[in-house]
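Listed here are the chains, written in short residue letters.
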Amino acid sequence: MSRPGNKIIQAKLVLLGDMGTGKTSLVLRFVKGQFFDHQEPTIGAAFFTQILSLTEATVKFDIWDTAGQERYHSLAPMYYRGAAAAVVVYDISSMDTFSRAKKWVEELQRLGNPNLVMALVANKSDLDSRREVKNEEGEQFAQDNAMFFTETSAKNANNINELFYEIAKRLARAS
Ligand code: GDP
Ligand code: MG
């Protein structure tokens, strides 16, 4: 709950990244605490809300998950419009998805709002034995692009809450 006098921030957050990287799974883990080994590809309803209370503010996230449009390797401008935060996701077991993540970041820089809070997320950290992308590669790219970076697993919940708390903090600081 928000305290009296506590600032309330409503923030649209969008997810980008190749199909199969775990965008929907990250959101479901964060919003519902659930994970499915056979997550159905998202079709239709792809809008979620979640509230995080920090000491300095209460952040109400409106989370937009793609309804499969990412397969066309670009997203409609209305998807980004008005977004305050963006999470770009790749899968640590696929170098291809990391290459594509870089393209998604470029697209965001072209179409997103200039004050966008951006995070680069290396998901499926539980698949370390099949790792193709080193932690340092993600870290470096994020640093070069002024993005927050973390490795997550929607499967075992590694760093999921931390990711959204960090974004909330940055949004509070920027508002
Ligand atoms: P999206 O297309 O980016 O929305 O990806 P999905 O959330 O639909 O996930 C694609 C597949 O990856 C599904 O079979 C998920 O169960 C699986 N998946 C998602 N996150 C993880 C994770 O952190 N670890 C593992 N091992 N599998 C995951
Ligand atoms: Mg999806």
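Computed from a predicted model, the values in this text were never measured in an experiment.

1. Quick word on the overall build of the protein chain
Working step 1: Helix and strand counts for the protein chain come out as five helices and six strands.
Working step 2: Secondary structure elements in the protein chain, listed N-terminal to C-terminal, are β-α-β-β-α-β-α-β-α-β-α.
Working step 3: Taken over C-alpha atoms, the radius of gyration comes to 15 Å for the protein chain, in line with the 16 Å a tight globule of 175 residues would show.
Working step 4: Dimensions of the protein chain, computed from C-alpha atoms along their principal axes, come out at roughly 50 × 35 × 35 Å.
Working step 5: Put simply, the protein chain has 175 residues, and 51% of those count as buried.
Working step 6: Residue pairs at least 24 apart in sequence account for 73% of intrachain contacts in the protein chain once pairs closer than 6 positions are excluded.
Working step 7: Accessible surface, the protein chain as shown: approximately 8,900 Å² in total, 50% of it carbon and sulfur.
Working step 8: Side-chain charges of the protein chain comprise 21 positive and 21 negative groups, with the mean position of each set lying 6 Å from the other.

2. With respect to the packing of aromatic side chains
Working step 1: Scanning all chains against the criterion turns up eight aromatic pairs.
Working step 2: Measuring from centroid to centroid gives 6.1 Å for tyrosine 79 and tyrosine 80, while their planes differ by 80°, and the two rings are edge-to-face. Accessibility classification places tyrosine 79 together with tyrosine 80 in one group, the buried group.
Working step 3: Note on phenylalanine 98 and phenylalanine 141: the rings are 6.3 Å apart at their centroids and 80° apart in plane angle, and the pair reads as edge-to-face. Placement of phenylalanine 98 in helix H3 (residues 95–111) and of phenylalanine 141 in helix H4 (residues 135–144) is noted, with a sequence separation of 43 residues between them.

3. Some points on the confidence of the model for the protein chain
Working step 1: Residue-level pLDDT values for the protein chain average 91, and 94% of them are 70 or greater.
Working step 2: Interface confidence for the predicted complex, expressed as ipTM, amounts to 0.99; the pTM equals 0.94.

4. Regarding the nonpolar core
Working step 1: One finds Phe61, Leu120 and Ile167 to be the most contacted residues of the largest nonpolar core, which totals 55 residues.
Working step 2: Examining the composition of this core, we find that eight residues originate from one element, strand E4 (residues 83–91), more than from any other.
Working step 3: Not counting residues within four places of it along the chain, the set of residues in contact with leucine 120 comprises Val88, Tyr90, Phe98, Ala101, Gly138, Phe141, Ala142, Met147, Phe148, Phe149 and Thr150.

5. Regarding the sheet that holds strand E3 (residues 57–64)
Working step 1: Strand order in the open sheet made by the six strands is E2-E3-E1-E4-E5-E6, with mixed pairing throughout. Looking at the sheet topology across the chains shown, the edges are occupied by strand E2 (47–53) and strand E6 (148–151). Averaged over all pairs of adjacent strands, the angle between their axes in this sheet comes to 25°, without regard to strand direction.
Working step 2: Pairing of E2 with E3 involves seven bridges; the strand directions are antiparallel. Note on E3: the bridge partner recorded for phenylalanine 47 is tryptophan 64.
Working step 3: Along the sheet, helix H1 (residues 23–32) contacts strand E1 (7–17), E2, E3, E4 and strand E5 (117–123); its crossing angle with E2, the most-contacted strand, is approximately 45°.
Working step 4: Against the sheet, H4 engages E4, E5 and E6, with an angle of about 165° to E6.

6. Focus: the site of ligand 1
Working step 1: Ligand 1 sits among 20 residues. The nearest are Gly20, Lys23, Ser25, Phe36 and Asp126.
Working step 2: Within the side chain of lysine 23, a nitrogen or oxygen atom sits 2.7 Å from an oxygen atom of ligand 1.
Working step 3: Contact with the protein chains hides 87% of the accessible area of ligand 1, taken as 580 Å² for the molecule alone.
Working step 4: In terms of residue count, the dominant contributor to the shell around ligand 1 is H1 (three residues).
Working step 5: When grouped by side-chain class, the residues that make up the shell around ligand 1 number five nonpolar, eight polar and seven charged.

Parameters at a glance
- Residues numbered from 1 in each chain as written.
- Chains lettered and ligands numbered in written order.
- Predicted model: local features only at pLDDT ≥ 70, side-chain atom pairs only at ≥ 80, totals over all residues.
- Heavy atoms only, no water.
- Helix = DSSP H or I, 4+ residues; strand = E, 2+ residues; numbered from the N terminus.
- Rg over C-alpha atoms; globule rule 2.2 N^0.38 Å.
- Buried < 20%, exposed > 50% of the residue type's maximum accessible area, 1.4 Å probe, protein only.
- Contact = heavy atoms within 4.5 Å.
- Areas by Shrake-Rupley, 256 points an atom, 1.4 Å probe, with all protein chains shown as cover.
- Lys, Arg positive; Asp, Glu negative; His and termini not counted.
- Charge placed at Lys NZ, Arg CZ, Asp CG, Glu CD.
- Phe/Tyr/Trp six-rings, centres within 6.5 Å; stacked < 30°, edge-to-face > 60°.
- pLDDT = per-residue confidence, 0-100.
- Core = buried A, V, L, I, M, F, W, Y, C linked by side-chain atoms within 4.5 Å.
- Pairing = 2+ DSSP bridges.
- Axes fitted to C-alpha atoms, helices over the stretch in contact; angles between N-to-C directions.
- Near = heavy atom within 4 Å.
- Polar contact = N/O pair within 3.5 Å; in protein donor to acceptor, adjacent residues only side chain to side chain.
- Nonpolar A, V, L, I, M, F, W, Y, C, P; charged D, E, K, R; others polar.

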